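# Report on the structure
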Amino acid sequence: MSNITNFIKENKDRYLTELKHFLSFPSISTNPENKKDVLECAEYIKSHLEKIGLQNVAIYPTDGHPVVYADWLNAGKDKPTILVYGHYDVQPVDPIELWTSPPFEAEVRGENIYARGSADDKGQVMIHMKALEAHLAKNGSLPVNIKLIVEGEEEIGSVHLGDFISGHKDLLKCDVVVISDTSMYDKDVPAIGYALRGLCYMQLEVTGPNRDLHSGQYGGAVDNPINALAHIIAKLKDDKGKILIDGFYDDVVPLDKEEKEGFAKLPFSDKKYAKGLDVEELFGEEGYTTLERTWARPTLDCNGIWGGFMGEGAKTVLPSKAFAKISMRLVPNQDPDKIEKLFSAFVRKITPKTVKVKISGLHHGKGAMTPIDTKWMKAASKAMAQGFGKEPVFIREGGSIPIVLTFKEMLDADTVLLGFGLPDENAHSPDEHLNLNNFQNGILTSAIFYDELAKA
Ligand code: BES
Ligand code: ZN
């Protein structure tokens, strides 16, 4: 291993140049105008994987953005096969004016590299590519059989990846899945994730009168769809953070005593957390701690709301339409399809007769949970301890990677979440960044992890 450790140290500057190149593609999966950039990014990964010595490298088209696949299967039948998954698509960059440097021109400031996708997830995909490269460059081989897929639609709900997996079950057959698309617990606290939340994402369109009206002529006589929508949203949750949709909590499994105690043992300060966000006080479901609220309880949030006159100055108008995007984070046992039905029925029930409501589901993903006491988790834990010089903690995550459950259902494979980001690295927000020490340690950890998996 020492030859690999040295190789990783010696190649630090080159890694940075390569990471900057990877980060320069504006691979925003949700923007139709970036379709070409997304494809070019996939082609970049393909050529990079070929260069580092992976085999059967191919771009598989889907009905959306393509999947890049590669493997190296010469470790032998007695060695496990690891499926490494990541995504090369990124979130939109708006509000662009809040970026200190352009989002697709990566810049190093202090210990961090700033660019869209640096933490989520290109930096972490690069970590695995460099760990594989180190083994292949120094030993001419890998300690385990590796399959790698990097998709281009994670940020829009992995819309076509399920079909790709179900159509390529043999190609993707594996013993365990490894994903680096989550975070460490804190700056000096490496972590291994064992649960993710699911998601049910809805859109509401509320229509009042058949056209915009003069608010002087009609105001007072006709309901305003924006006001009606505000009332609907306000009725979805009480002021103690409890969601009021009938049946919403039916499938929520309460945290058991052991897990609750585990959460409570982790260092956490509400005060510090609030201060970092410039809020006077935190808000969440009554009776739960912040970690419980973000990891193990479902939520409902309005992600966007619009309608009426949004230009500068004033326009006296009673608008015809109002819109809102509402998402619910779900815990592993909740079914997004069922939640969509409950949400729709409840919204219909509380919508006044004065307006019409159109309810659409945008995308869904199931939560996931993996057992901690497996040999894969033990190998991950050993690798983290060596790579970071500190024992990792086992954590849940509040975010979603819907494909994790698909891997379980279609390939019968559990996932190890080996996250190298930090919770405050501004994923999905301006000035997204990745700590470069964690990037280097991540490469080392991943390289060690492959060795540990071979021994497992
Ligand atoms: N990397 C995140 C998932 C994540 C974030 C896990 C934070 C744990 C902590 C991923 O790229 C992501 O943002 N996923 C989306 C999924 C959605 C679009 C279906 C999410 O969680 O919003
Ligand atoms: Zn991600």
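Structural data are supplied above this passage.
Residues numbered from 1 in each chain as written. Chains lettered and ligands numbered in written order. Predicted model: local features only at pLDDT ≥ 70, side-chain atom pairs only at ≥ 80, totals over all residues. Heavy atoms only, no water.

### Overview of the sheet that holds strand E5 (residues 112–114)
Worth spelling out the cut-off: Here, strands pair whenever DSSP counts at least two bridges between them. The numbering of helices and of strands both runs from the N terminus, where a helix is a DSSP run of H or I of at least 4 residues and a strand a run of E of at least 2. Axis geometry follows a simple rule: fit a line to the C-alpha atoms, using only the stretch in contact for helices, then measure angles between N-to-C directions, giving values from 0 to 180 degrees. Throughout, a residue-residue contact means that at least one pair of heavy atoms, one from each residue, lies within 4.5 Å.
Ordered by their spatial adjacency, three strands build an open sheet running E4-E5-E18, and the pairing between neighbours is antiparallel. This sheet does not close on itself; its edge strands, each paired only once, are strand E4 (107–109) and strand E18 (433–435). In this sheet, neighbouring strand axes are inclined to one another by 25° on average, regardless of whether the strands run parallel or antiparallel. Its contacts with the sheet put helix H14 (residues 436–455) on E4, E5 and E18, and the angle it makes with E18 is roughly 60°.

### Side note on the coordination of the zinc ion (ligand 2)
Using the following cut-off: Note that water is not among the atoms used; donors are N, O and S atoms within 2.8 Å of the metal (3.2 Å for Na, K and Ca), so sites may look incomplete. Partly exposed residues are those whose accessible area sits between 20% and 50% of the maximum for their type, while under 20% is buried and over 50% is exposed, using a 1.4 Å probe and protein chains only.
Binding of the zinc ion (ligand 2) to the protein goes through His87 (NE2), Asp120 (OD), Asp181 (OD) and Asp181 (OD), at separations of 1.8 to 2.5 Å. For the zinc ion (ligand 2), the donor residues sit on a single chain with the sequence spacing H-x32-D-x60-D. Of this pair, aspartate 120 sits in the loop between E5 and helix H4 (122–139) while aspartate 181 is found in the loop between strand E7 (176–179) and strand E8 (191–196), placing the two residues 61 residues apart along the sequence. Both residues of the pair, aspartate 120 and aspartate 181, belong to the buried class.

### Here we look at the site of ligand 1
This is how it is decided: Neighbouring residues are identified by heavy atoms, a residue being near a molecule or strand if any of them is within 4 Å of it. Counted as a polar contact is a pair of N or O atoms within 3.5 Å, where, for protein atoms, one must be capable of donating a hydrogen and the other of accepting one, and residues adjacent in sequence contribute only when both atoms are in side chains. Per-residue and other accessible areas were derived by the Shrake-Rupley procedure at a 1.4 Å probe size, with only the shown protein chains allowed to occlude residues. Classes in brief: Ala, Val, Leu, Ile, Met, Phe, Trp, Tyr, Cys and Pro nonpolar; Asp, Glu, Lys and Arg charged; the others, Gly included, polar.
Taken together, 16 residues sit near ligand 1, with Asp120, Glu154, Asp181, Arg329 and His428 positioned nearest. The separation between a nitrogen atom of ligand 1 and a polar side-chain atom of aspartate 181 is 2.8 Å. With the chains in place, 87% of the 510 Å² that ligand 1 exposes on its own is no longer accessible. Split into classes, the residues belonging to the shell around ligand 1 amount to three nonpolar, seven polar and six charged.

### Quick notes on the nonpolar core
As a rule of thumb, nonpolar side chains are buried together in soluble globular proteins. Worth spelling out the cut-off: Side-chain atoms within 4.5 Å are what join buried Ala, Val, Leu, Ile, Met, Phe, Trp, Tyr and Cys residues into a set we call a nonpolar core.
Counting residues in each nonpolar core, the largest one holds 79 residues, and the members touching the most others are Leu49 and Leu54. With 29 residues, the next largest nonpolar core counts Met202, Ile232, Leu236 and Ala322 among its residues.

### Re the side chain of asparagine 224
Along the chain, the position of asparagine 224 falls in the loop between strand E10 (213–214) and helix H7 (225–234). A relative accessible area of 17% means that asparagine 224 is categorised as buried. For asparagine 224, the side chain forms a polar contact with the main-chain nitrogen of isoleucine 226, separated by 2.8 Å. Ignoring any residue separated from it by four or fewer positions in sequence, one finds asparagine 224 in contact with Leu318 and Pro319.

### A word on the packing of helix H2 (residues 12–23) against helix H3 (residues 35–52)
In a packed pair of helices, the relevant descriptors are the angle between the two axes and the axis-to-axis distance. Here is the rule: An angle below 35 degrees is treated as roughly parallel, one above 145 as roughly antiparallel, one from 65 to 115 as roughly perpendicular, and anything else as oblique.
Direction vectors running N to C along H2 and H3 enclose 150°, while the axes themselves pass 10 Å from each other. By the criterion of interaxial angle, the relationship of H2 to H3 is roughly antiparallel. Facing Glu18, His21 and Phe22 of H2, the residues of H3 in contact are Cys41, Tyr44, Ile45, His48 and Lys51. Here the contact of H2 with H3 is composed, by residue class, of four nonpolar, two polar and two charged.

### Some points on the pairing of E8
Of all six residues in E8, six are buried, a share of seventy percent or more. Two elements, E8 and strand E16 (residues 393–396), share four bridges in a ladder whose sense is parallel. Paired with alanine 191 across the bridge in E16 is valine 393. The pairing of E8 with strand E15 (residues 368–369) spans two bridges and is classified as antiparallel. When the bridges of E15 are listed, alanine 195 appears paired with methionine 369.

### Here's the deal with the sheet that holds strand E14 (residues 356–365)
Sheets are built from strands that pair by backbone hydrogen bonding, the pairs being arranged parallel or antiparallel. The four strands lie next to each other as E11-E13-E9-E14, forming an open sheet whose pairing is antiparallel. Two strands bound the open sheet, and with one partner strand each, they are strand E11 (299–307) and E14. Strand-to-strand twist of the sheet, defined as the mean angle between neighbouring strand axes without regard to direction, takes the value 15°. By the bridge criterion, ten bridges tie strand E9 (residues 198–207) to strand E13 (residues 321–330) in an arrangement that is antiparallel. Within the sheet, the bridge partner assigned to threonine 207 lies in E13 and is lysine 321. Where H7 meets the sheet, its contacts fall on E9, E11 and E13, and the angle it forms with E13 comes to roughly 15°. Sheet strands touched by helix H11 (residues 336–350): E9, E11, E13 and E14. Its angle to E14, the strand with the most contacts, is close to 165°.

### Looking at the packing of helix H1 (residues 2–10) against H2
Two elements in contact, H1 and H2, have axes separated by 5 Å at closest approach and are oriented at 60°. Put simply, H1 runs oblique to H2. For the pair H1 and H2, contact is made by Phe7, Ile8, Lys9 and Glu10 and by Lys12, Arg14 and Tyr15, respectively. A per-class count over the contact of H1 with H2 returns three nonpolar, no polar and four charged.

### Structural notes on a nonpolar patch on the surface
Defined as follows: Residues with no salt bridge and a relative accessible area higher than 30% make up the patches, which join like charges within 9 Å and nonpolar side chains (Val, Leu, Ile, Met, Phe, Trp, Tyr) within 5 Å. Here, a salt bridge means any Lys or Arg side-chain nitrogen found within 4 Å of an Asp or Glu carboxyl oxygen.
On the surface, Phe268, Tyr273, Leu277 and Val279 cluster together into a nonpolar patch covering about 340 Å² of accessible area. Here leucine 277 is to be found in the loop between helix H9 (270–276) and helix H10 (290–295).

### A word on the state of the cysteines
The condition that has to hold: For this text, the term disulfide refers to a pair of cysteine sulfurs within 2.5 Å.
Taken as a whole, this structure holds zero disulfides when the rule is applied. There is no disulfide at cysteine 302, and the cysteine sulfur nearest it, in cysteine 200, is 14 Å away.

### Thoughts on the packing of aromatic side chains
The line we're drawing: Pairing of aromatic side chains here covers Phe, Tyr and the six-membered ring of Trp, requires ring centres within 6.5 Å, and sorts the geometry by plane angle: under 30 degrees stacked, over 60 edge-to-face, intermediate tilted. Each ring is checked for a lysine NZ or an arginine CZ that lies within 6 Å of its centre and within 35 degrees of its normal; such an atom marks a charge sitting over the ring.
Going through the model one piece at a time under the given rule, you end up with eleven aromatic pairs. Taking the centre distance of 6.2 Å and the plane angle of 90° together, the rings of tyrosine 60 and tyrosine 69 count as edge-to-face. Residue tyrosine 60 is classed as partly exposed on the basis of its relative accessible area, which comes to 22%. Aromatic ring contacts, followed pair by pair, group Phe22, Phe25 and Tyr44 into a single cluster. Lying over the aromatic face of tyrosine 114, arginine 109 brings its terminal NZ or CZ to 3.8 Å of the ring centre.

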